[in-house]
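Chain by chain, the residues run as shown.
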Amino acid sequence: MIQGHGDDIYNFKNIQINFSSNVNSQGMSPGLQNHLKSCISCLDAYPEPSAEHLARCIEQQNNLAPQSVLVTNGAVEAFYLLASLFQKKNSLIYIPSFSEYEDACKMYDHNIEFCRNTHFSEENKTPFDVVWICNPNNPDGRIFDKDILRDQIQKNPDTLFVLDEAYVEFIGKNISLENEVQNTQNLVVVRSLTKRFSIPGLRLGYLVCMPKLMSKLKEKLMPWRINSLAVEAGLYCCSSEYKDNFCVAKILKESQRFQAEIAQIPGFEVVSSETSFFLVKAPKKAAEIKMQLARKYGMLIRDASNFRGLSEFHFRLATQTAEKNNSLIKVLKSWSC
């Protein structure tokens, strides 16, 4: 999906509050900004071919097995690399979810089946080569139970489970299976550095997998996929120098308040979420609400109607500061009067 993703702020002028992007609402830390400014001179030389140094730093910081991390050009590159290994194979995607799983599978001629994520714990009747899961899930914030997920992976050893943990830092409990990859042949965990550290423009993520799969993936890589500033950002974020005021408990407390306030507005139904973003079903088309908010109030929301399994009335909100959230609440309340 080249067009149609959430943060299309580039299509609008004078957006003051961006509810469409799921990245850390605090923005990039001043320390990281200053570090990147100091690294501009690194652009006069080529970066490492595959950001090997950064991969080793991620392994050490997260207690991962040596040679188990591959740095990617955003988490999205990981999905396309993995899909390319299973050309014309069978994939299962739980919906609604991130559209790039489907797009990557279509590019490589997968036979795709879709299943509502509410049916996740049910036994799969059809054998799949790949199962794609986002945890916590985008766009509805649904959390897949860690024990059930582990059980599914163990019971289907011939199926590769691709577990997208891009938003795992934005929940109040540990659901990650990242540290279990080294003991699980049929599991890949994909992580994003852009969400937590507010650097989506740098395109930086990584995947964790076992050596056999890693060797196959590396055969498909072109050199210098990760630019020098992205590498420097990653190294800085992994270092002891990195400091910010990120507090997931504070973010989630505001998210729960924000959800409750929206839910009280007549005509607006909130899909309860345990993370920083959530779905809303509106009394009129999300596209209309989006355009009205953007043009008249300088607020941008995510029209979620193009997520498979959702309707034209769904939109997604990412929690911002209480002041910004209150501004949207005020506008929506005025519409319901």
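Anything mentioned here points back to the structure above.
So, here's what we can say about the structure. (Residues numbered from 1 in each chain as written. Predicted model: local features only at pLDDT ≥ 70, side-chain atom pairs only at ≥ 80, totals over all residues. Heavy atoms only, no water.)

### Brief notes about the environment of Phe19
We apply this condition: Counting from the N terminus, the helices are DSSP H or I runs at least four residues long and the strands are E runs at least two residues long. Residues count as neighbours in contact if any of their non-hydrogen atoms are within 4.5 Å of one another.
Residue position: Phe19 is located in the loop between β1 (17–18) and α1 (30–38). Once the C-alpha coordinates of Phe19 and Cys42 are considered, the two residues, 23 residues apart in sequence, prove to be 34 Å apart. Setting aside residues up to four positions removed in sequence, Phe19 forms contacts with Phe258, Met299, Leu300, Ile301, Arg316, Leu317, Ala318, Gln320, Lys324, Asn325 and Leu328.

### Looking at the pattern of salt bridges
The condition is simple: Only one rule defines a salt bridge in this text: a Lys or Arg side-chain nitrogen within 4 Å of an Asp or Glu carboxyl oxygen. The cut-offs for exposure are 20% and 50% of the maximum accessible area for each residue type, with area from a 1.4 Å probe on protein chains only; residues under the lower value are buried, those over the upper are exposed, and the others partly exposed.
A full pass over the atoms with the stated rule returns 16 salt bridges. Ionic pairing is found between Glu102 and Arg308, a salt bridge with its closest N-O pair at 2.6 Å. Taken as a pair, Glu102 in helix α4 (residues 99–107) and Arg308 in the loop between β12 (302–303) and β13 (314–318) lie far apart in primary sequence, 206 residues in all. Residue class for Glu102 comes out buried when judged on its relative accessible area of 11%. Of the residues examined, Arg308 reaches a relative accessible area of 37% and is grouped as partly exposed. Between Arg257 and Glu261 there is a salt bridge, and its shortest N-O distance comes to 4.0 Å. Here Glu261 and Arg257 lie together in helix α9 (residues 248–263), a separation of four residues that amounts to about one turn.

### Quick word on the sheet that holds strand β9 (residues 269–271)
One key point about sheets: their strands pair by backbone hydrogen bonds, in either a parallel or an antiparallel sense. What counts here: A pair of strands is considered paired only if DSSP assigns at least 2 bridges between the two.
Spatially, the four strands line up as an open sheet ordered β9-β10-β13-β12, and their pairing is antiparallel. The outermost strands of the open sheet, each flanked by one partner alone, are β9 and β12. Looking at chain direction, β9 and strand β10 (residues 277–281) are connected through three bridges and run antiparallel. By the bridge assignment for β10, Glu269 is matched with Lys281.

### Here we look at the packing of helix α2 (residues 52–61) against helix α8 (residues 228–237)
Where we set the bar: Simply put, an axis is a line fit to the C-alpha atoms, just over the touching stretch for a helix, and the angle between two N-to-C directions goes from 0 to 180 degrees. Here the word oblique covers every angle except those under 35 degrees (roughly parallel), over 145 (roughly antiparallel) and from 65 to 115 (roughly perpendicular). In this scheme, a crossing is called left-handed if the near helix is turned counterclockwise away from the far one by less than a right angle; it is called right-handed if the turn is clockwise.
Two elements in contact, α2 and α8, have axes separated by 10 Å at closest approach and are oriented at 20°. On the basis of the axis angle, α2 is roughly parallel to α8. Crossing of α2 over α8 shows left-handed handedness. Two secondary-structure elements touch here, α2 through His53, Leu54, Cys57 and Gln61 and α8 through Val231, Gly234, Leu235 and Cys237.

### Here's the deal with the sheet that holds strand β2 (residues 69–72)
The strand order β2-β8-β7-β6-β5-β3-β4 describes an open sheet built from seven strands, whose pairing is mixed. Both outer strands of the open sheet, β2 and β4 (111–116), are each paired with one neighbouring strand and no more. Recorded for the sheet is a direction-independent mean angle of 20° between the axes of neighbouring strands. As paired strands, strand β7 (residues 187–192) and strand β8 (residues 205–208) are joined by four bridges and run antiparallel to one another. Along β8, the bridge assignment pairs Val189 with Val208. Sitting on the sheet, α2 touches β2 and β8, and the angle it makes with β2 is about 125°.

### Structural notes on the packing of aromatic side chains
Filter applied, for reference: Ring geometry is summarised as follows: Phe, Tyr and Trp rings, the Trp one being its six-membered ring, pair when their centres sit within 6.5 Å, and such pairs are stacked at plane angles under 30 degrees, edge-to-face over 60 and tilted between the two. Charge-over-ring placement is defined geometrically: NZ (Lys) or CZ (Arg) within 6 Å of the ring centre, and within 35 degrees of the ring normal.
Summed over the entire model, instances satisfying the criterion amount to 17 aromatic pairs. Pairing Phe120 with Phe144 gives two aromatic rings, centres 4.7 Å apart and planes at 80°, and the pair type is edge-to-face. Residue Phe120 is found in the loop between β4 and β5 (130–134), and its partner Phe144 is found in the loop between β5 and α5 (146–155); the two are separated by 24 residues along the sequence. On the basis of relative accessibility, which here comes to 5%, the residue Phe120 falls in the buried class. Judged by its relative accessible area of 2%, Phe144 falls in the buried class. Of the aromatic side chains, those joined through ring pairs into one cluster are Phe79, Phe98, Tyr101 and Trp132. A cation over a ring is seen here: Arg196 above Phe246, with NZ or CZ 4.1 Å from the ring centre.

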